[in-house]
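Next come the chains, spelled out residue by residue.
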Amino acid sequence: MQIYLVGGAVRDELLGLPVKDRDYMVVGATAAEMLALGYEQVGKDFPVFLHPKTKAEHALARTERKTAAGYGGFECHATPDVTLEQDLLRRDLTINAIAKDVNGQLYDPYGGQVDLNAQLLRHVSPAFVEDPLRVLRVARFAARFAQQGFKVAPQTMALMQELSASGELEALSPERVWQELDKALGTDCPQVFFEVLRACGALKVIMPEIDALFGVPQPPNWHPEIDTGLHTLLVLKQAAALSDDKSVRFAALLHDLGKALTPKEQWPKHHGHGQKGLTPIRNLCQRLRVPSDFMELALLASDLHQNFHHAMELRPETLLRQFDKADLWRKPERLDKLLLICQADIRGRTGFEQAQYPQATYLNQCFTLTKGVDIKQIVDAGFKGSDIRDQLQKKRVKMLSKFMLNQTVNVTNQ
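Notes on the structure follow. Quantities reported herein were computed from a predicted structural model and do not represent experimental measurements. (Residues numbered from 1 in each chain as written. Predicted model: local features only at pLDDT ≥ 70, side-chain atom pairs only at ≥ 80, totals over all residues. Heavy atoms only, no water.)

**Brief notes about the packing of helix H5 (residues 133-144) against helix H8 (residues 190-199)**
Thinking step 1. With their axes 7 Å apart at the nearest point, H5 and H8 run at an angle of 140 degrees to one another. Classified by the angle between their axes, H5 and H8 sit oblique to one another. Crossing angle aside, the handedness with which H5 passes H8 is right-handed. Contacts from Val-135, Leu-136, Ala-139, Arg-140, Ala-142 and Ala-143 of H5 reach H8 at Pro-190, Val-192, Phe-193, Val-196 and Leu-197.
Thinking step 2. Per-class residue counts for the contact of H5 with H8 are 10 nonpolar, no polar and one charged. (Axes fitted to C-alpha atoms, helices over the stretch in contact; angles between N-to-C directions. Helix = DSSP H or I, 4+ residues; strand = E, 2+ residues; numbered from the N terminus. Parallel < 35°, antiparallel > 145°, perpendicular 65-115°, else oblique. Left-handed = near helix turned anticlockwise from the far one by under 90°. Contact = heavy atoms within 4.5 Å. Nonpolar A, V, L, I, M, F, W, Y, C, P; charged D, E, K, R; others polar.)

Here it is, written out as structure tokens:
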């Protein structure tokens, strides 16, 4: 039995990056031998075992044969005669096909170290096209390692284009697609994930609602970048710079889906695009089985972002309706998330990358004031039922009116 550290742990060590998970490959062993040594078997499709003490994953060396469409359409062969080279050959990228033994000796039969030095994401073998999930994985690696300068090798991009056109992507389960998308949203450059998917033709298959934004123009005086798809990726880039929260990044990605529904004769204007975007957001989230909190924030961002941008022009009653829509009274943490998305929207325009967003301070002040109205005083005054809500609304409107008047006076005096 020989045990090798493999995959991402070796790759990240060589890149000088922190190693989170350590996976091992076992050559020359049987499942019975692993169980006899105290390992716990967890894999159903192929033999994977947890170390009795460290709980690190140890997988028997295996080969795979394509038997059906999709990610799960493989027959695995794991016996003691499967070699290290055979196991590494079935992996997706050369940089993930490097192994290290217990003495620190590296085994790199497919040129992974050369590609690490060249910042290339290159497939190991033509069998790459047998697994459609690899299109999403390569796009995710491109996003993860974009800051290190990694690019997809032209030959690998050609295979990804072949896969995207083959119909194989449709066989992927929604859960697997969301898993890759969720991981991509957590990278430093999530916009690169979508750039790569679009370049290989996969975006129109996986997320056609986003792909439809490319080629849709916007008013150049507000959007020097003009193209809505480009603006969307710029907004995602800004959201990633502002927040690590993946729900914020996801909502930023979807905030302008309604612009794809604007009739061409109305271009480049997009009246009511926030509300038009609600249906495609629901469709996308339901299709990919996106977590409900992600979907709810995305819907609110689409619906409210235009009014938030114009917050200083809104009447007290109108502003309070926005707070009601977002249910901020029960979920006040949503305001900070929505404001981050709005700030990313403003900065996600060519030449506006450092733009300030004074609306954030203004909206926070308005919400803090109105949330501070004491309901107990209203109840103690004898109001009951719906009258309590009416009185609460009146007090909040009165408070906001006074605050807005003071703001106007201060601006005039300046």
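That was the structure; now back to the text.
**Considering the layout of surface pockets**
Thinking step 1. Here the second largest pocket defines a volume of roughly 660 Å³.
Thinking step 2. Lining the second largest pocket are 30 residues, with Trp-222, His-223, Gln-306, His-309 and His-310 sitting closest to its centre.
Thinking step 3. In terms of residue class, the lining of the second largest pocket is built from six nonpolar, 17 polar and seven charged. (1 Å grid on protein atoms, 1.4 Å probe; cavity = no way out; pocket = protein on both sides within 12 Å on 5 of 7 lines; lining within 4 Å. Points joined across faces, edges and corners; volume = space filled by probe spheres on them.)

**Points about the side chain of Thr-187**
Thinking step 1. For Thr-187, the location among the structural elements is in the loop between helix H7 (174-185) and H8.
Thinking step 2. Polar contacts involving the side chain of Thr-187 include one to the main-chain carbonyl oxygen of Ala-184, which spans 2.7 Å.
Thinking step 3. Each residue touching Thr-187, except ones within four places of it in the same chain, is listed here: Arg-140, Ala-143, Arg-144 and Arg-249. (Polar contact = N/O pair within 3.5 Å; in protein donor to acceptor, adjacent residues only side chain to side chain.)

**Points about the sheet that holds strand E1 (residues 2-6)**
Thinking step 1. Within the open sheet, the seven strands sit side by side as E3-E4-E5-E2-E1-E8-E9. Their pairing is mixed. The sheet is open, and its two edges are formed by strand E3 (40-41) and strand E9 (106-107), each paired on a single side.
Thinking step 2. With five bridges connecting them, E1 and strand E2 (residues 23-27) associate as antiparallel partners. Residue pairing across strands places Gln-2 opposite Val-27, the latter belonging to E2. (Pairing = 2+ DSSP bridges.)

**Some points on the pairing of E1**
Thinking step 1. In terms of strand pairing, E1 meets strand E8 (residues 99-100) through two bridges, oriented antiparallel. Residue pairing across strands places Val-6 opposite Ala-99, the latter belonging to E8.

**Concerning the environment of Leu-60**
Thinking step 1. Inspection of the secondary structure assignment puts Leu-60 in strand E5 (residues 57-60).
Thinking step 2. When the C-alpha atoms of Leu-60 and Lys-246 are compared, they prove to be 34 Å apart, with 186 residues separating the residues in sequence.
Thinking step 3. What Leu-60 contacts, discounting residues up to four positions off in sequence, is Val-26, Ala-29, Thr-30, Ala-31, Met-34, Pro-47, Phe-49, Ala-78 and Asp-87.

**What to know about the packing of aromatic side chains**
Thinking step 1. Applying the stated criterion across every chain yields a total of 11 aromatic pairs.
Thinking step 2. Both rings, one in Phe-141 and one in Phe-145, keep their centres 6.3 Å apart while their planes meet at 10 degrees; by these two values the pair is stacked.
Thinking step 3. Looking at Phe-141, the relative accessible area reads 4%, which means it is buried.
Thinking step 4. Its relative accessible area of 0% is what places Phe-145 among the buried residues.
Thinking step 5. A centroid spacing of 5.5 Å and a plane angle of 50 degrees characterise the contact between Phe-145 and Phe-150, whose relative ring orientation is tilted. Of the two residues, Phe-145 and Phe-150, both sit in the buried class.
Thinking step 6. Through pairs of rings, three or more aromatic residues link up here, namely Phe-141, Phe-145 and Phe-150.
Thinking step 7. One residue, Arg-198, lies across the ring of Phe-214, its end atom 3.9 Å from the ring centre.
Thinking step 8. One cation-aromatic arrangement involves Arg-349 over Phe-352; the distance from NZ or CZ to the ring centre is 3.8 Å. (Phe/Tyr/Trp six-rings, centres within 6.5 Å; stacked < 30°, edge-to-face > 60°. Buried < 20%, exposed > 50% of the residue type's maximum accessible area, 1.4 Å probe, protein only. Lys NZ or Arg CZ within 6 Å of the ring centre and 35° of its normal.)

**Quick word on empty space enclosed by the protein**
Thinking step 1. Applying the stated criterion across every chain yields a total of one cavity of 30 Å³ or more.
Thinking step 2. Size it by volume and the largest cavity reaches roughly 50 Å³.
Thinking step 3. With four residues, helix H20 (residues 386-413) is the single largest residue contributor to the lining of the largest cavity.

**Thoughts on the nonpolar core**
Thinking step 1. If you look at the biggest cluster of nonpolar residues, it comprises 96 residues, and the most contacted ones within it are Phe-194, Met-207, Phe-250 and Leu-254.
Thinking step 2. Residue contributions to this core peak at nine residues, all from helix H15 (residues 292-309).
Thinking step 3. When residues no more than four places from it in sequence are discounted, the contact partners of Phe-194 are Leu-181, Leu-203, Met-207, Ile-210, Leu-233, Leu-236 and Leu-253.
Thinking step 4. Membership of the second largest hydrophobic core comes to 11 residues, among which are Ala-61, Leu-88, Ala-97 and Ala-99. (Core = buried A, V, L, I, M, F, W, Y, C linked by side-chain atoms within 4.5 Å.)

**Thoughts on H8**
Thinking step 1. Counting buried residues in H8 gives seven out of 10 residues, a clear majority hidden from the surface.
Thinking step 2. Turning to H8, its buried residues are Pro-190, Gln-191, Val-192, Phe-193, Phe-194, Val-196 and Leu-197.
Thinking step 3. Phi for Gly-201, located one or two positions after H8, is positive at around 85 degrees.

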